[in-house]
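Spelled out, the chains give:
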Amino acid sequence: MGKKKKANWTLIPGQPLTEMDRRILSFQERGKLCPSRSMIKTPEQIEGIRRAGVLNTAVLDAVQEKIREGMTTEEIDRIVYETTTKGGGIPAPLNYEGFPKSCCTSINEVVCHGIPSEDVVLEEGDIINVDCTTILDGYYADASRMFVIGRTTPKKQELVDVAWECLKIGEKVCSEPYVFVGDLGHAIEKHAHSHGFSVVRDLCGHGVGLEFHEEPDVEHRGARGTGMLLVPGMTFTIEPMINQGSWRVFIDEDDPYGWEVITDDELPSAQWEHTFVMTENGVERLTW
Ligand code: MF3
Ligand code: CO
Ligand code: CO
């Protein structure tokens with residue numbers, strides 16, 4: 001409310017209007033939030049992010065192959081560090097704003113940014129999100145998966161499945177360009193609510209590619225036609241965090257680094273994440 005919408009999309013002086021200029025300007029003239037040119041990646045940059053996505057996928061595959069009951073989250077971190085560096089990459093989380101490890105390992109009521117530790121052992125019934133961001137040749141790809149350790153409760157399994165469905169719904173809304181972030185947020189929230197679950201509000205997806213976190217914010221809830229317009233060449237994540245209970249979260253006071261995010265009611269949370277590029281034909285996934 002009362003937020004001023006600035007004209008982000010600007011024309012290049014002396015250049016004729018392109019079809020894309022016309023389309024974006026038609027939204028901007030109606031007061032919609034449009035990207036700036038700096039958010040549009042070149043084909044070469046998109047190929048770089050795609051290569052980072054291939055390595056990122058290999059890293060998560062390596063985790064998936066080894067993860068099991070009795071393992072510590074420190075061991076997961078080691079797999080991530082080793083697979084990433086052997087592939088010529090750098091794990092983006094390591095030393096990022098004081099984050100001490102190479103990936104995030106978030107179990108049960110930990111929503112995100114869980115810190116791998118020697119002291120945390122995976123137990124039967126745990127649901128864990130492993131979130132890896134990979135830098136390759138300066139390009140970033142960001143993805144996370146849920147893993148179920150042994151057998152879990154039907155409720156936790158439902159949460160894991162619904163979080164995945166929410167990501168897929170977000171992707172589907174983006175099956176054409178010139179949709180708004182609020183369009184996908186709206187669809188995601190509707191699906192989460194239909195299962196009695198809630199969507200985390202305090203954290204969101206983001207532009208990604210040349211940096212870890214870029215514009216725009218990709219909120220996983222909201223009203224249609226709000227948020228930023230998604231146009232060809234933009235690269236961003238969709239990463240809904242779905243809570244079994246309340247959407248409210250807080251930073252774990254026991255975390256000396258101040259990173260771990262926990263649900264207020266200590267009920268479980270689940271999340272999946274992928275990196276996408278918007279094209280003329282809708283989004284294409286750059287992580288698997
Ligand atoms: N990978 C997370 C995201 O999806 C961010 C983690 S920041 C870290 O945006 F420092 F905790 F790694
Ligand atoms: Co992300
Ligand atoms: Co991530």
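Notes on the structure follow. Keep in mind it's a predicted model, so treat the numbers as computed, not measured. (Residues numbered from 1 in each chain as written. Chains lettered and ligands numbered in written order. Predicted model: local features only at pLDDT ≥ 70, side-chain atom pairs only at ≥ 80, totals over all residues. Heavy atoms only, no water.)

**Here we look at helix H4 (residues 154–173)**
This is how it is decided: Starting at the N terminus, helices and strands are each numbered in turn, a helix being any DSSP run of H or I of at least four residues and a strand any DSSP run of E of at least two. Any helix carries an expected span of 1.5 Å times its number of residues minus one. When accessible area is computed with a 1.4 Å probe and restricted to protein chains, residues below 20% of their type maximum are described as buried, those above 50% as exposed, and intermediate ones as partly exposed.
Under the 1.5 Å per step criterion, the end-to-end length of H4 is 28 Å for 20 residues, consistent within 8% with the ideal 28 Å. Lys156, Leu159, Val160, Val162, Ala163, Cys166, Leu167, Gly170 and Glu171 are the residues of H4 that are buried.

**Regarding the sheet that holds strand E12 (residues 241–243)**
Basically, it comes down to this: DSSP calls a pair of strands paired once it identifies at least 2 bridges connecting them. Working rule for contacts: check all heavy atoms of both residues, and any pair within 4.5 Å makes them a contact. Working convention: axes come from line fits to C-alpha atoms, limited for helices to the stretch in contact. Angles between N-to-C directions cover 0 to 180 degrees.
Judged by pairing direction, the sheet is antiparallel, and its three strands sit side by side in the order E7-E12-E15 without closing on themselves. A strand with exactly one partner marks an edge of an open sheet, and here the two such strands are strand E7 (198–199) and strand E15 (269–271). The sheet contact formed by E12 and E15 spans three bridges and is antiparallel. Considered in E15, the bridge of Ile242 is made with Ala270. Strand contacts of H4: E12 and E15, with the helix running at about 35° to E15, the strand carrying the most contacts.

**A short note on the pairing of strand E5 (residues 139–148)**
Within E5, nine of the 10 residues are buried, which leaves it mostly tucked inside the rest of the structure. Inspection of the sheet shows strand E4 (residues 127–136) paired to E5 by 10 bridges, in the antiparallel sense. Pairing of Leu136 across the sheet is with Tyr139, part of E5. The hairpin turn running from E4 into E5, its antiparallel successor, is two residues long, and Asp137 in that turn takes a positive phi close to 50°.

**Here we look at the coordination of the cobalt ion (ligand 3)**
Six octahedral donors around a metal ideally subtend angles of 90 or 180 degrees, whereas four tetrahedral donors ideally subtend 109.5 degrees. For the record, the criterion: Donor atoms are limited to N, O and S found within 2.8 Å of the metal ion, a distance that becomes 3.2 Å for Na, K and Ca. With water left out, some sites might look partial.
Within the protein, the atoms that donate to the cobalt ion (ligand 3) are Asp131 (OD), Asp131 (OD), Asp142 (OD) and Glu273 (OE), at distances of 2.1 to 2.4 Å. Positions of the donor residues of the cobalt ion (ligand 3) along the chain correspond to the pattern D-x10-D-x130-E. Separating the cobalt ion (ligand 3) from the cobalt ion (ligand 2) is a distance of 3.3 Å, and Asp142 supplies a donor atom to each of them. Here the residue Asp131 occupies a position in strand E4, and Glu273 occupies one in the loop between E15 and strand E16 (274–279), the gap between them amounting to 142 residues. You'll find Asp131 and Glu273 in the same group, each marked buried.

**Topic: helix H1 (residues 19–28)**
Note the threshold: By definition, the arc is the one covered by directions from the helix axis to the C-beta atoms.
For H1, the complete set of buried residues consists of Met20, Asp21, Ile24, Leu25, Phe27 and Gln28. The arc that holds every buried residue of H1, seen down its axis, measures 155°, which confines them to one face. Buried residues belonging to H1 abut strand E6 (179–180) and strand E10 (229–230).

**Things to note about the packing of aromatic side chains**
Note the cut-off: A pair of Phe, Tyr and Trp rings is counted when the ring centres sit within 6.5 Å of each other, with Trp represented by its six-membered ring. The angle between the planes then sorts it: under 30 degrees is stacked, over 60 is edge-to-face, the rest tilted. The criterion is that NZ of a Lys, or CZ of an Arg, lies within 6 Å of the ring centre and within 35 degrees of the ring normal, and then a charge sits over that ring.
Tallied over the entire structure, the rule returns eight aromatic pairs. Among the aromatic side chains, those forming a connected cluster through ring pairs are Tyr96, Phe99, Tyr140, Phe212 and Trp259. Its end group placed over the ring of Phe180, Lys32 keeps NZ or CZ at 5.1 Å from the ring centre. In this arrangement the basic side chain of Arg201 is found over the ring face of Trp247, its NZ or CZ atom lying 4.0 Å from the centre.

**Side note on the coordination of the cobalt ion (ligand 2)**
Quick reminder of the rule: Between 85 and 135 degrees for all angles marks four donors as tetrahedral; over 155 degrees for opposite donors together with 65 to 115 for all other angles marks four donors as square planar and six as octahedral; every other arrangement is irregular.
Taken together, the protein donors to the cobalt ion (ligand 2) comprise Asp142 (OD), His206 (NE2), Glu239 (OE) and Glu273 (OE), at separations of 2.0 to 2.2 Å. Given six donor atoms and angles of 51 to 161° at the metal, the environment of the cobalt ion (ligand 2) is assigned as irregular. Here the donor residues for the cobalt ion (ligand 2) map to a single chain with the spacing D-x63-H-x32-E-x33-E.

**A few points about the site of ligand 1**
Condition: Any residue with a heavy atom lying within 4 Å of a molecule or strand is counted as near it. Polar contacts, as used here, are pairs of N or O atoms within 3.5 Å; protein pairs need one atom able to donate a hydrogen and one able to accept it. Residues neighboring in sequence count only if both atoms are side-chain atoms. Where accessible areas are quoted, they stem from the Shrake-Rupley method and a 1.4 Å probe; at the residue level, only the protein chains shown are allowed to cover. Lys, Arg, Asp and Glu make up the charged group, whereas Ala, Val, Leu, Ile, Met, Phe, Trp, Tyr, Cys and Pro make up the nonpolar group; the residues left over, Gly among them, are polar.
As a structural note, the neighbourhood of ligand 1 is formed by 14 residues, with Pro93, His206, His213, Glu239 and Glu273 the closest of them. A distance of 3.0 Å separates an oxygen atom of ligand 1 from a polar side-chain atom of Glu273. Burial of ligand 1 by the protein amounts to 96% of the accessible area it has alone, namely 340 Å². Each residue belonging to the shell around ligand 1 can be placed in one class, and the counts come to six nonpolar, four polar and four charged.

**Considerations on the pattern of salt bridges**
So the rule is basically this: Here, a salt bridge means any Lys or Arg side-chain nitrogen found within 4 Å of an Asp or Glu carboxyl oxygen.
Within this structure, the stated rule accounts for 10 salt bridges. Residues Glu47 and Arg50 are paired through a salt bridge, measuring 3.2 Å at the closest nitrogen-oxygen approach. Of the two residues, Glu47 and Arg50 both sit in helix H2 (residues 43–66), three residues apart, roughly one turn of that helix. Residue classification places Glu47 among the partly exposed residues on the basis of a relative accessible area of 36%.

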